[in-house]
Amino acid sequence: MSTSPDSIIGRATPRIDGPLKTTGAAEYAADFHFEGMAHAVTVGATIASGRITKLDTATAESMPGVLLVLHHGNIGPLYRTVPGDDSATNSEVRSPFEDEVVRHWGQHVAVVVAETLEQATAAAAAVKVEYALEAANVRLKLDDFKGERKTISDRGDVDQAFDDAPVKVDQTYVTPVETHNPIEMHASVVRWDGDRVTLYETSQGVMNHRAVMAQVLGLPLENVRVVTRFLGSGFGGKLFPWPHAAMAAVAARKLNRPVKLSMTRRMMFSNVGYRPRTEQHIQLGATKEGKLLALRHEYLNNTSMLDDFDEGCGEATPYLYSVANLEVTGAQPRRNMGAPMWMRGPGAVPGLYALESGMNELADALDMDPLQLRLKNDAEKDESHDNIPFSSRHLRECLETGAKKFGWERRNAAIGSMRKDGKILGWGMAAASWVAVRLPCTATVEFCANGRLCVRCGTQDIGTGTYTIFAQVLHEKTGVPLDRIDVILGDSSLPSGPMSGGSMVTGSVLNAIADGANNAIKRLQQLAAATEGTPLHGAKLETVAFTEGRLHLKDQEASSGAHFADILGAAKLSRISAEGKTVPTWEDPKSKGFSLHSYGAQFVEVEWEPEIAKLRVSRVVTVIDAGKIINPAAAANQVAGAVVMGVGMGMLEETRYEQRTGQPINGNLADYLVATCADTPDIDVTFLDYPDPIMGEYGARGVGEIGLAGVAAAITAAVHHATGVRVRELPVRIEHLLESKIVSV
Ligand code: MOS
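Cut-offs used in this document
Residues numbered from 1 in each chain as written. Predicted model: local features only at pLDDT ≥ 70, side-chain atom pairs only at ≥ 80, totals over all residues. Heavy atoms only, no water. Phe/Tyr/Trp six-rings, centres within 6.5 Å; stacked < 30°, edge-to-face > 60°. Helix = DSSP H or I, 4+ residues; strand = E, 2+ residues; numbered from the N terminus. Buried < 20%, exposed > 50% of the residue type's maximum accessible area, 1.4 Å probe, protein only. Lys NZ or Arg CZ within 6 Å of the ring centre and 35° of its normal. Pairing = 2+ DSSP bridges. Axes fitted to C-alpha atoms, helices over the stretch in contact; angles between N-to-C directions. Contact = heavy atoms within 4.5 Å. Core = buried A, V, L, I, M, F, W, Y, C linked by side-chain atoms within 4.5 Å. Salt bridge = Lys/Arg side-chain N within 4 Å of Asp/Glu carboxyl O. Domains from an automatic or database assignment. Buried area = accessible area lost by both parts, 1.4 Å probe.

Enquirer: Mind showing me how you'd approach the packing of aromatic side chains here?
Expert: The description of an aromatic ring pair rests on the distance of the ring centres and on the angle between the ring planes. Counting across every chain of the model gives 17 aromatic pairs. Ring geometry for phenylalanine 34 versus tyrosine 200: centroids 5.2 Å apart, planes at 45°, classification tilted. Of the two residues, phenylalanine 34 is situated in the loop between helix H1 (18-22) and strand S1 (38-44) and tyrosine 200 in strand S10 (residues 196-201); the sequence distance between them amounts to 166 residues. Side by side, phenylalanine 34 and tyrosine 200 carry an identical accessibility label, which is buried. An aromatic cluster is built from Phe406, Trp408, Trp427 and Phe603, whose rings are joined through pairwise contacts. Against the face of phenylalanine 34 rests arginine 191, its NZ or CZ located 4.0 Å from the ring centre. The lysine or arginine in question, arginine 619, covers the ring of phenylalanine 406, its NZ or CZ lying 4.1 Å from the ring centre.

Right under this line is the structure:
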């Protein structure tokens, strides 16, 4: 597991797929184009709830170039996926056009296919739909919820401990609906060959996508292939298939032509998921010295009419701090809105916004430094799981390192007291955490007679650097130069690999690649010893070494042996390959019984100019404990990107809906504000880089999501420090700050 200082593991390594991207050669789903391809455009419902009474497609069908209009009446059989089948997770329970009921604005009610995109777009606008309206519930606020709440975690007696606590915080924190806005729109390009189908997809999980499409289309698994070579990011929105993929597949089958269906940015606000609204009640009780006595976290998130989507806001709450009395509960009120979907750091990110905001308010109530409050309540064991040990936890060092880098000791806690360059400074901080799991993975490693080395795995690179870390591991294991290593991902016909979700790919694939490389090297050694005309012929296996791509006798120089390409040549073989596997954490006796998480600390500075009502996040220091960092360049890029997303969450992002129809009214990138380069603060990313001994080969846990956790809570704390205003409903708006007593610098 240990790596030498000159190892490529842990070295900033430029992306091996970089040139493909910068030259435009990387093919994303919508880039695939086939002879005779037709174009599909969907028609969305204009009501939130009701029934389709009439669907008039005559005009659309008579328009130039129109080939087909599909809807409930003619889609033919489509199926739901088997409930509880984890290998085939779908985004929505209902299959497309399954009934004539409309449950949310924008729900697909028809799809028009034509020779050109323009013809399909024009004809889609000519489809006439009549509805019988029914009462819709598109109320965003969830505070009227009266139903059952599910207990997520509990210990001790929270009621009693909270009642008795001398110092308390009792507040509700709200996060709005946020919409995933990857630059690449969702798209499906579908091509049939007899009863076999290939889907070129925007998928964060080609294996799962294949399993879902096989079930939905009623095909044997082996007849379906899903390809996602490159993804223009996903943020969780592309984890599981959405209905448009099946619609495109049916259209292509009926027409016996390839079909492309691409979402528009506007449709992406209503048809492919979003982070639901959360309302989170936090109760914290502590001694006068700041020792936590009670912690209650009750959350609500909206879900759709048919899907049970649990945002899981209590994800990090049960283990982050030491507290004897704790209760986390959750519930999901239904609304006439589309299905929500996991969005970067689901559960923990909105959950930690609430918990860490509560901790910051508790620190103020105690007149205690918020950093000291965290240090004082750091957990030694996972108190939510029978006090099992943490595999590797360095939260304390994250907090202390971050404080030092940020200059936290210079903080004057008085509101509005800190100034710089004619601006008021606000400083805030928060802790972060994210779960780690090793998912099952298979990879094959192949030495080729042309001197190249190849690895294949049915996972995908969603823009995070997965291609590159595969190559790094192979280079580490074999010494073959990076430019002679081929990494083949993003195809469901490859050996089964994990979803690109939950920051779990890095921790999941490294064991399989390393194991595959070791096994392939062993086979090469056997081959060398068994092949006439090689310097190793006849050697005992245990005397054959493998160094920098060459096989040689252990007690001799590498130059005395032969390159693997020459061994393969002598044996008249084009290649030799072997498989490697990752055992998932839940099946491995070595990892069972450990609590696996990553940790982090966020320190934020805001600048407030009250005279012109200008608030800006100016500086962020983030320290991350995510195990061994395989590629610090790609990892820092992930964390910095997540911090920028945190600025969006804290200051800008909110999907707004028209009150009667539930139509997103800011469903475009002009009105839905995401943080841009101009909003990006000075960001300092530090990794602690402690290998996690329980994660296996190299000890990496993954970094895609944790950088977002805690940022929003640190921002609102900094805003309070600068302005005296507590914002408990994101995003922070200038309107919130009108009540600030700090009116001039
Ligand atoms: Mo992430 S929300 O699991 O893509």
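Enquirer: Please explain the sheet that holds strand S20 (residues 441-448) as it appears in this structure.
Expert: Remark on secondary structure: sheet strands pair via backbone hydrogen bonds, oriented parallel or antiparallel. Within the open sheet, the four strands sit side by side as S22-S21-S20-S26. Their pairing is mixed. Each of the sheet's edge strands pairs with one partner strand only, and the pair in question is strand S22 (485-488) and strand S26 (575-582). Strand-to-strand, the axes of this sheet are offset by a mean angle of 15°, without reference to chain direction. On top of the sheet, helix H11 (residues 466-478) reaches S20, strand S21 (453-456) and S22; it is set at about 140° to S22, its chief contact. Where helix H12 (residues 505-530) meets the sheet, its contacts fall on S20, S21 and S26, and the angle it forms with S26 comes to roughly 145°.

Enquirer: What exactly am I supposed to notice about the sheet that holds strand S4 (residues 101-102) here?
Expert: Here we have three strands laid out as an open sheet, ordered S4-S2-S6, and antiparallel in their pairing. Of all strands in the sheet, those bounded by a partner on one side alone are S4 and strand S6 (128-133). The pairing of strand S2 (residues 50-56) with S4 spans two bridges and is classified as antiparallel. When the bridges of S4 are listed, arginine 51 appears paired with valine 101.

Enquirer: How should I be thinking about the nonpolar core in this particular structure?
Expert: The nonpolar side chains of a soluble globular protein tend to be buried, and buried together. Membership of the largest hydrophobic core comes to 96 residues, with the highest contact counts inside it found for Leu362 and Phe603. For this core, the element with the highest residue contribution is helix H8 (residues 348-366), accounting for ten residues. In this structure, leucine 362 is in contact with Val167, Val169, Leu284, Ala286, Leu292 and Leu373, ignoring residues within four places of it in sequence. One finds Phe470, Leu510, Ala514 and Leu524 within the second-largest nonpolar core, a separate group that totals 47 residues.

Enquirer: Can you help me understand the pattern of salt bridges in this one?
Expert: Side chains that carry opposite charge are capable of pairing whenever their charged atoms lie near each other. The final tally for this structure, using the stated rule, is 38 salt bridges. The shortest N-O distance in the salt bridge between arginine 229 and aspartate 491 comes to 3.6 Å. Taken together, the residues span a long stretch of sequence, with arginine 229 in the loop between strand S11 (224-227) and helix H6 (243-255) and aspartate 491 in the loop between S22 and H12 at a distance of 262 residues. Because the salt bridges share partners, they merge into one network encompassing Arg139, Asp143, Asp144 and Arg335.

Enquirer: I keep staring at the domain arrangement of the chain and nothing clicks. Help me out?
Expert: A common way to state how big an interface is: give the accessible area lost once the parts meet. Partitioning the chain into domains gives domain 1 (32-136 + 182-234 + 238-269), domain 2 (278-437 + 592-737) and domain 3 (438-582). In this structure, domain 1 and domain 2 have C-alpha centres spaced 36 Å apart. Listed by partner, the interface residues are 19 residues for domain 1 and 21 residues for domain 2. Interface area lost by domain 1 to domain 2 is led by Arg103, Trp105 and Phe269, which between them contribute 37%. Our count for the contact surface shared by domain 1 and domain 2 stands at zero salt bridges.

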